[in-house]
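# Report on the structure
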Amino acid sequence: MKASAQTRRLVITIDGPAGAGKSTTARALATQLGYIYLDTGALYRAVAWKANTAGVDCSDTIAMKNLLQHMDLHVTLEDTTTRTLVDSQDVTPYLRTPEVTRIASTVAAMPEVREWLLPIQQRFGQTGGIVVEGRDMGTRVFPNADVKFFLQADLNTRTARRYQESRQAGHEDNQQQIRDQIQARDARDQSRNIAPLIPATDAVMIDSSSRSVEEVVATMLESISARL
Ligand code: DC
């Protein structure tokens, strides 16, 4: 179902917790529709990477505000990769380490960071034809999105997926560590005061626990086809 000149170029949001399958399905969906794909987690990770590299305490609000004032963040979307440049350096390969992952969920709870990233994300929605993935896409960044999904999966499934990814990336975490980290991140993402991880009231809820990527994408395309 490639988008053609006759079809509308929609803004499609996918929110959900870590390991629910957002990135894989968002990429596959964007490819099927001929849309661009934006991974907004990469932007929070880029801020975390900069804080970590600069030796800034990410819970120090004043230091973080100062860091953002001097941070140049440039995002380019190539095929299905969100390429992230911080102060002209391509940091994309460094964003998925366990340390950056941990710091990212702390910086994501800071209102200053979220405000700073808001216009950077919203710019990508202006012309439509995009699948965006994150935690507050349907609730805050694109409240008027054409189609919103909230993707869930049970904790065992999410742990197994992240464990496999971690092994493939050469990291040494064990399953229990990953399970604990996911639970801690979920708790932080869901309980923060600003833009907590909750489904938009008009989101289509999908549980990916026992479904393949193809099945999830097919379900999404059913909801989308009515809007094209
Ligand atoms: O999706 P991810 O694991 O790459 O996200 C990294 C962190 O950023 C995670 O703790 C959730 C947070 N995040 C967020 O708060 N809002 C978003 N739109 C995207 C990610």
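Residues numbered from 1 in each chain as written. Predicted model: local features only at pLDDT ≥ 70, side-chain atom pairs only at ≥ 80, totals over all residues. Heavy atoms only, no water.

What counts here: UniProt positions are given in the numbering used here, feature names are shortened, and annotations may be inferred rather than shown by experiment.
By the naming in an unreviewed UniProt entry, the protein chain is Cytidylate kinase, taken from Candidatus Nitronereus thalassa. UniProt's Sequence similarities (unreviewed entry) comment on the protein chain is quoted here verbatim: "Belongs to the cytidylate kinase family. Type 1 subfamily."

## Comments concerning the packing of aromatic side chains
In plain terms, the rule: A pair of Phe, Tyr and Trp rings is counted when the ring centres sit within 6.5 Å of each other, with Trp represented by its six-membered ring. The angle between the planes then sorts it: under 30 degrees is stacked, over 60 is edge-to-face, the rest tilted. A helix here means a DSSP run of H or I that spans at least four residues, while a strand means a run of E at least two residues long, and both kinds are numbered starting from the N terminus. Burial status follows relative accessibility: with a 1.4 Å probe on protein chains alone, a residue under 20% of its type maximum counts as buried, one over 50% as exposed, and anything between as partly exposed.
Following the criterion strictly, the structure yields one aromatic pair and no others. Ring geometry for Trp49 versus Tyr94: centroids 6.4 Å apart, planes at 15°, classification stacked. Pair noted here: Trp49 is in helix α2 (residues 41-54) and Tyr94 is in the loop between β5 (89-90) and α4 (98-107), with a separation of 45 residues, a long-range link. Overall, the relative accessible area of 40% leaves Tyr94 in the partly exposed class.

## As for the pattern of salt bridges
So the rule is basically this: By definition here, a salt bridge exists when the distance from a side-chain nitrogen of Lys or Arg to a carboxyl oxygen of Asp or Glu is within 4 Å.
Per the stated rule, a full pass over the model turns up twelve salt bridges. With its nearest N and O atoms 2.6 Å apart, the salt bridge here joins Asp87 to Lys50. Of this pair, Asp87 sits in the loop between β4 (81-86) and β5 while Lys50 sits in helix α2, and the two are 37 residues apart along the sequence. The exposure class assigned to Lys50 is buried, which follows from its relative accessible area of 14%. Of the charged contacts in the structure, one is a salt bridge between Arg83 and Asp90, with a shortest N-O distance of 2.8 Å. Owing to a relative accessible area of 25%, Arg83 belongs among the partly exposed residues under this scheme. Salt bridges linked by common partners bring Glu78, Arg83 and Asp90 together as one network.

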